[in-house]
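As a plain string of letters, each chain reads:
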Amino acid sequence: MPQTILITGATAGIGKASAEALAQHTSTLILLGRNADKLQLTASSLAGKHPACRIETVVADLSEPASIEAVIPAIAAITGRVDVLLNNAGAYFTDRTTNSAGYEETFALNHLGYFHLTSRLWPLLQAAGKARVVNVSSGAHTMGKIYWDDLMLNHRFSGMKAYAQSKLANILFTVELAERGKAIGLTSNCLHPGVVASDFANGFRGPIATLLLSLAKRLMITPEKGAETSVFLASDPSVAGMSGQYFVKKRVAKASPAAMDRADAKRLWEVSGELVKTSLSKS
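All figures in this text were calculated on a predicted structure; none of them were measured in a lab.

Chemist: What's the story with the overall build of the protein chain in this structure? I'm lost.
Modeler: For the protein chain, the count of helices and strands is 10 helices and 8 strands. Put simply, 76% of the contacts in the protein chain that link residues at least 6 apart link residues at least 24 apart. Summed over its atoms, the accessible surface of the protein chain is roughly 12,300 Å², and 54% of this surface lies on carbon and sulfur atoms.

Chemist: Sorry, what's going on with the side chain of Ser256 here?
Modeler: As for its placement among the helices and strands, Ser256 is situated in the loop between β8 (251-252) and α10 (262-276). Of the residues examined, Ser256 reaches a relative accessible area of 12% and is grouped as buried. Excluding residues within four positions of it along the chain, Ser256 makes contact with His141, Thr142 and Leu168.

Chemist: Could you clarify how one ought to interpret the environment of Val134 in this entry?
Modeler: Mapped onto the elements of the fold, Val134 is located in strand β5 (residues 132-136). What makes Val134 buried here is its relative accessible area of 1%. Through-space distance from the C-alpha of Val134 to that of Ser243 is 9.8 Å; in sequence the pair is 109 residues apart.

Chemist: Just checking my understanding: could you explain the sheet that holds strand β4 (residues 84-87) for this structure?
Modeler: The strands making up a sheet are joined through hydrogen bonds of the backbone, oriented either antiparallel or parallel. Pairing is mixed across the open sheet formed by 8 strands, whose spatial order is β3-β2-β1-β4-β5-β6-β7-β8. Where the open sheet ends on each side, the last strands, each with one partner, are β3 (54-59) and β8. As defined by bridge partners, strand β2 (residues 28-33) adjoins β3 across 6 bridges and the pair is classed as parallel. Bridge pairing in β3 places Thr28 opposite Arg54. Sheet contacts for helix α1 (residues 13-22): β1 (4-8), β2, β4 and β5; angle to β1, the most-contacted strand, approximately 165°. Packing of helix α9 (residues 228-235) onto the sheet brings it into contact with β4, β5, β6 (187-192) and β7 (245-248), and relative to β5 it is tilted by some 165°.

Chemist: Would you mind showing me how to read the side chain of Thr8 here?
Modeler: Looking at where Thr8 falls in the secondary structure, it is placed in strand β1. Separated by 2.9 Å, the side chain of Thr8 and the backbone nitrogen of Asn88 make a polar contact. If we ignore the near neighbours within four places in the chain, the residues touching Thr8 are Leu32, Leu62, Leu86, Asn87, Asn88, Ala89 and Leu117.

Chemist: I tried to follow the packing of helix α3 (residues 65-78) against helix α4 (residues 105-120) on my own but got confused; where do I start?
Modeler: Helix packing geometry: the angle between the two helix axes and the distance between the axes. Running from N to C, α3 and α4 cross one another at 35°; their axes reach a closest spacing of 10 Å. Both α3 and α4 take part in a crossing whose hand is right-handed. Across the interface between the two elements, Pro65, Ile68, Glu69, Ile72 and Ile75 from α3 touch Gly113, His116, Leu117 and Arg120 from α4. Residues belonging to the contact of α3 with α4 are distributed by class as follows: 5 nonpolar, 2 polar and 2 charged.

Chemist: What is the right way to read the packing of aromatic side chains from this model?
Modeler: Summed over the entire model, instances satisfying the criterion amount to 5 aromatic pairs. Aromatic side chains Phe115 and Trp269 sit 5.0 Å apart centroid to centroid with 80° between the ring planes, which places their arrangement in the edge-to-face category. Of this pair, Phe115 sits in helix α4 while Trp269 sits in helix α10, placing them 154 residues apart in sequence. The pair formed by Phe115 and Trp269 is uniform in burial state, with each residue classed as buried. Judged by centre distance (5.7 Å) and plane angle (25°), the ring pair of Phe173 and Trp269 falls under stacked. Taken together, the residues Phe173 in helix α6 (residues 159-180) and Trp269 in helix α10 connect sequence positions 96 residues apart. The pair Phe173 / Trp269 is uniform in exposure class, with both members buried. Each residue in the set Phe115, Phe173 and Trp269 is aromatic and connected to the rest through ring pairs, giving one cluster. In this structure, Lys161 is placed above the aromatic ring of Tyr147, and the distance from its NZ or CZ to the ring centre is 4.6 Å. Sitting over the ring of Trp148, Arg267 keeps its end group 4.1 Å from the ring centre.

Procedures and definitions
Residues numbered from 1 in each chain as written. Predicted model: local features only at pLDDT ≥ 70, side-chain atom pairs only at ≥ 80, totals over all residues. Heavy atoms only, no water. Helix = DSSP H or I, 4+ residues; strand = E, 2+ residues; numbered from the N terminus. Contact = heavy atoms within 4.5 Å. Areas by Shrake-Rupley, 256 points an atom, 1.4 Å probe, with all protein chains shown as cover. Buried < 20%, exposed > 50% of the residue type's maximum accessible area, 1.4 Å probe, protein only. Pairing = 2+ DSSP bridges. Axes fitted to C-alpha atoms, helices over the stretch in contact; angles between N-to-C directions. Polar contact = N/O pair within 3.5 Å; in protein donor to acceptor, adjacent residues only side chain to side chain. Left-handed = near helix turned anticlockwise from the far one by under 90°. Nonpolar A, V, L, I, M, F, W, Y, C, P; charged D, E, K, R; others polar. Phe/Tyr/Trp six-rings, centres within 6.5 Å; stacked < 30°, edge-to-face > 60°. Lys NZ or Arg CZ within 6 Å of the ring centre and 35° of its normal.

Encoded structure:
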């Protein structure tokens, strides 16, 4: 059983549902989110249901590099190891906005947040011996491409274009992380959770978008159902040692050819390291 599991975006949707399920599989559960009040409510609820599990909270905005840097000492003060890192936090933004570093918000949160947090937690992941990193991607990656000359989509921005690029980046990150993690026994896998009825789509705006979202939600799965593959990859013994894979419904699935491009995976890692001023060399 993993001793410590850290979940990002843990106060709503599949992140919260994953926390509910994984509290049964660990002795320490760390919830990371932007809203301190929501974190406390979630932690209190989990503590009441799972008294044997130590529940800790950490406030951080994963779209902001400085916030990630600031939170690493707080995580290290809670635990000397992270057995499972579930990179779940993400969002869809209809309009183009930027973080304090000038990076487009979708790319900053959905990809750079995963990359930066994982890189800075490397000593704690290494201390676990056989850590697992689980990255929530999406089937939308099949519509994406990496705009190497315009990663921040300063030109011809659209919410779906940005989202699909970020979800493709999640898989490329997973592929490269699997290679770099071999030396310390770390495994890295990613998943498509399904189309989930959650707060994720709050970034959609406008009357037409609201109407379409309302209709679509009737066909969406519950957060609990959407969390099943995340929980499976984080805790199931059958996937121990598996790495660099893309899962759908708890099974290995075929990602797009672009998502499995090793040269692009390595290039994205190097570019991401330059953007957030941190990275790891291959051991």
